[in-house]
Amino acid sequence: MPLDLSRREFLQAGAAVAVAPTIILPQGVKPVVISSGNGNQFKNGGTETCVARAFRLMTSGTDVLESLIAGVNIVELDPLDTSVGYGGLPNAHGIVQLDSCCMHGPKKWAGGVASIEGVRTPSKVAYIVASSTDHHLLVGKGAKDFARNMGLEIEADLNTERSRAAWLEWMRRTDPGHYLDPNKRGDGLEATLQMSREGWIDPEHVWGTINCNGINPKGEVAGVTTTSGLAFKIPGRVGDSPILGAGLYVDNAVGAAGSTGRGEANLYNLCSYLVVEEMRRGKSPKDAGMEALKRVAANTVEKRLLNERGRPAFGLNFYVLDAKGRHAGVAMQGGAKYAVCDENGPRLENCEALFA
Ligand code: GLY
């Protein structure tokens, strides 16, 4: 069993390991955890946010990826974040289907699950795919059966009252109109966006997700992304989050990048891989992230995806960390923030926007 924590400890969601080893920092490395803004918002009734827990664990000797997963478990389990894990907004049939992937820089591990049902914490299943199988991606029923076989609890329904009510409202307004007419390619998302304008859905949760990346005091880099995906998606739709190179990419020698926002725009451009490769070529985290946003903007040509100024109308953010611990959040639209935790504690910082 290649988990550094025992399976029982790890599956019990982030039991802290408190022995602080003597740490000799590689030259210039600054341990830090970054994530989408929800990583310093939700606490699931506890006292710590995702970035605070992950930073505490990784600076106390817990494996870098296990620390990040223990962090995102808080958000996955918190029903108030309707874009991730338990209580995530369901698909068009009212079923919560979750996506996640993770990468471990030094171990060169990668694993993901897509369209998994019944497991509140898909990031744990992604971790077990990475650590305990020869594969990188399991989907649908196979992923659920795998999780059951590996000892995780499978639940019949991950909806909460809130996510079910939002789905019922969406069905009342749209059925069956959310399938795009290939001749018109019109307003498939309009009902969802209108519901977010009316307060039924947090605007951040239409495509919401959490991505969390970290570098520990030994200079080891890892990342994890986990989501319930696009609200009211066609059942089986998979976005960018569980796809290596799109929703997340990690190279221990270079850094890590991950995303939240419109998955289709990211999938078309495989931006997390692009961002890491731009850093490999010498760009700063901010400039590398901006390069990816410009690529997405250049490849967004359909009118339904553009605003009145001819720019992408959707949100897409990247959270970027290099192998020294320098970091940036970049966003297609202005106003976004990202979460950071380092020796100065957890906080939100402004994302750099391509279109302010
Ligand atoms: N970025 C999350 C999704 O599109 O599914």
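On a predicted model such as this, the values are computed, not experimentally measured, just so you know.

**Structural notes on helix α6 (residues 161-174)**
(1) Moving on: For α6, spanning 14 residues, the distance from its first C-alpha to its last is 20 Å, which sits close to the expected 20 Å at 1.5 Å a residue.
(2) Moving on: Buried residues along α6 sit in contact with α7 (190-197).

**Quick look at helix α2 (residues 50-58)**
(1) Moving on: Of all 9 residues in α2, 8 are buried; the element is thus mostly enclosed.
(2) Moving on: Looking only at α2, the buried set comprises Cys50, Val51, Ala52, Arg53, Ala54, Phe55, Leu57 and Met58.
(3) Moving on: Turning to α2, the residues buried within the fold contact β1 (32-36), α3 (64-77), β5 (210-215), β11 (337-342) and β12 (345-350).

**A look at the sheet that holds strand β13 (residues 352-355)**
Hydrogen bonds between backbone atoms are what pair the strands of a sheet, whose relative direction is either parallel or antiparallel.
(1) Moving on: The 5 strands lie next to each other as β7-β8-β9-β10-β13, forming an open sheet whose pairing is mixed. The open sheet has two edge strands, β7 (248-251) and β13, and neither has a second partner. On average, each strand axis in the sheet is tilted by 15° relative to the strand beside it, whichever way the strands run.
(2) Moving on: Here 4 bridges tie β7 to strand β8 (residues 255-261), and the two strands are oriented antiparallel to one another. Within β8, the position partnered with Val250 by the bridge is Ala256.

**Comments concerning the site of the ligand**
(1) Moving on: Close to the ligand lie Trp207, Thr209, Gly229, Leu230, Arg237, Gly239, Asp240, Ser241, Gly261 and Gly263, which account for all nearby residues.
(2) Moving on: A distance of 2.7 Å separates a nitrogen atom of the ligand from a polar atom in the side chain of Asp240.
(3) Moving on: Gly261 places a polar main-chain atom, nitrogen or oxygen, 2.6 Å from a nitrogen atom of the ligand.
(4) Moving on: When the ligand is considered free in solution it has 200 Å² of accessible area, and contact with the protein chains removes 100% of it.
(5) Moving on: Tallied by class, the residues present in the shell around the ligand amount to 2 nonpolar, 6 polar and 2 charged.

**Some points on the nonpolar core**
(1) Moving on: Counting residues in hydrophobic clusters, the biggest one holds 54 residues, and the most contacted among them are Phe232, Phe314 and Phe318.
(2) Moving on: Per element, the largest residue contribution to this core is 6 residues, and it comes from helix α10 (residues 285-298).
(3) Moving on: By size, the runner-up hydrophobic cluster in this structure holds 25 residues, among which are Met58, Ala126, Ala130 and Cys212.

Rules and cut-offs
Residues numbered from 1 in each chain as written. Predicted model: local features only at pLDDT ≥ 70, side-chain atom pairs only at ≥ 80, totals over all residues. Heavy atoms only, no water. Helix = DSSP H or I, 4+ residues; strand = E, 2+ residues; numbered from the N terminus. Expected span 1.5 Å × (residues − 1). Contact = heavy atoms within 4.5 Å. Buried < 20%, exposed > 50% of the residue type's maximum accessible area, 1.4 Å probe, protein only. Pairing = 2+ DSSP bridges. Axes fitted to C-alpha atoms, helices over the stretch in contact; angles between N-to-C directions. Near = heavy atom within 4 Å. Polar contact = N/O pair within 3.5 Å; in protein donor to acceptor, adjacent residues only side chain to side chain. Areas by Shrake-Rupley, 256 points an atom, 1.4 Å probe, with all protein chains shown as cover. Nonpolar A, V, L, I, M, F, W, Y, C, P; charged D, E, K, R; others polar. Core = buried A, V, L, I, M, F, W, Y, C linked by side-chain atoms within 4.5 Å.

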